[in-house]
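Observations on chain architecture
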Amino acid sequence: FGFHSTMGYKWLSPPRCIHEVDFGAYGKAALSNESIAVHSLPVAESGRGHALVARWLVWDTMEKQRMLGAESGYLGRALTWPHYVQALSSPTSAPGAVQPLAVSAGDVVQLEVTVRQAGGKRTGSAGPEFAMRILSGDPEQPRGGEL
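Before going into details, it helps to say that this report is about the structure given with it. Counting restarts for each chain, with residues numbered from 1 along the sequence as it is written. Reporting in this predicted model follows two pLDDT cut-offs: at least 70 for local features of residues, and 80 or more for side-chain atom pairs to be given and counted; totals over whole chains, interfaces and linings ignore these cut-offs and use all residues. In computing side-chain properties, one takes all heavy atoms of the structure into account and sets aside hydrogens as well as water.

Right, let's get into the environment of Trp59. Secondary structure elements are defined from DSSP: runs of H or I of at least 4 residues count as helices, runs of E of at least 2 residues count as strands, and each element is numbered from the N terminus. When you line up the elements, Trp59 lands in strand β4 (residues 58-59). Burial here depends on accessible area, computed with a 1.4 Å probe over protein chains only, as a share of the maximum for the residue type. Under 20% is buried, over 50% is exposed, and the range in between is partly exposed. Given a relative accessible area of 34%, Trp59 falls into the partly exposed group. For the pair Trp59 and Gly69, spaced ten residues apart in sequence, the C-alpha separation works out to 8.9 Å.

Looking now at the side chain of Arg116. On the secondary structure map, Arg116 appears in strand β8 (residues 108-116). Assessed through its relative accessible area of 5%, Arg116 is described here as buried.

A few words on the pattern of salt bridges. What counts as a salt bridge is simple: a side-chain nitrogen of Lys or Arg found within 4 Å of a carboxyl oxygen of Asp or Glu. For the coordinates displayed, the defined rule picks out three salt bridges. Linking Glu45 and Lys10 is a salt bridge whose minimum nitrogen-to-oxygen distance equals 3.9 Å. Of this pair, Glu45 sits in the loop between β1 (34-42) and β2 (47-49) while Lys10 sits in the segment before β1; the two residues are 35 residues apart in sequence, bridging distant segments of the chain. Here Glu112 and Arg133 are joined by a salt bridge, their closest N and O atoms 2.8 Å apart. Here Glu112, found in strand β8, pairs with Arg133, found in strand β9 (residues 129-135); they are 21 residues apart in sequence, far enough to count as distant. Judged by relative accessible area, Arg133 falls into the partly exposed class, the value being 21%.

On to the side chain of Glu112, then. Glu112 gets classed as buried once you look at its relative accessible area, which sits at 15%. Think of a polar contact as two N or O atoms within 3.5 Å of one another; within protein, one of them needs to be a possible hydrogen donor and the other a possible acceptor, and neighboring residues in sequence only count if both atoms come from side chains. A polar contact of 2.8 Å, which involves the side chain of Glu112, links it to the side chain of Arg133. Non-local contacts of Glu112, meaning those with residues more than four positions away in its chain, are made with Ile36, Ala37, Val38, Ala131, Met132, Arg133 and Leu135. Contacts: residue pairs with any heavy atoms within 4.5 Å of one another.

What follows concerns the nonpolar core. Core analysis: the biggest nonpolar cluster contains 14 residues, and Leu52, Leu111, Met132 and Ile134 have the highest contact counts within it. Within the residue set of this core, elements represented by two or more residues are β3 (51-55), β7 (101-103), β8 and β9. For this core, the leading source of residues is β8, giving four residues. Here, the term nonpolar core denotes a set of buried Ala, Val, Leu, Ile, Met, Phe, Trp, Tyr and Cys residues that are joined through side-chain atoms within 4.5 Å.

The next subject is unusual backbone geometry. The phi torsion at Ala118 lies on the positive side, around 50°, for a residue other than glycine. Inspection of the secondary structure assignment puts Ala118 in the loop between β8 and β9.

Before going further, it helps to spend a moment on the sheet that holds β1. Two strands make a pair as long as DSSP finds a minimum of two bridges between them. Across the sheet, which stays open at both edges, the three strands sit in the order β1-β8-β9 with antiparallel pairing between neighbours. Because the sheet does not close on itself, it has two edges, and the strands there are β1 and β9. Looking at each pair of strands side by side, their axes are set apart by 20° on average, direction ignored. As paired elements, β8 and β9 share seven bridges and run antiparallel to each other. Residue pairing across strands places Thr114 opposite Ala131, the latter belonging to β9. Lines fitted to C-alpha atoms define the axes, with helix axes restricted to the stretch in contact, and inter-axis angles between N-to-C directions lie between 0 and 180 degrees.

Moving on: the environment of Lys64. The topology assignment puts Lys64 in the loop between β4 and β5 (67-68). For Lys64, a relative accessible area of 36% gives the class partly exposed. Dropping the residues within four chain positions of it, Lys64 is found in contact with Glu20 and Trp59.

See the structure below:
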């Protein structure tokens, strides 16, 4: 979780952008209440996925010259702001148990991302809300919970 952390972890799939928001324009025009997209995430490292981690990155301009996020030098934001973590559990886990999700390098995992804005939001948070889940090969059979 940024260079300030001593926690041992490895990314099984390289981090990538799944949604962009221009806060300079956000809320100035009508927003859709909810949108759902499925993103293919290639698995680069074999291992056991314990969590789905989403991170905020904020750029100074749409040209992305300066960034604030987990890798920035500003300690306060790196520790408190940019991470959302959702536990993952294998579909073979016993009721009440959480077993990590096994993946192999070369797999492609489907990530369903729901973005809620305006009247579709479920909390009073500023900006959009996100819900994420890992899908199995069958989109009707989720392999993880919402984030």
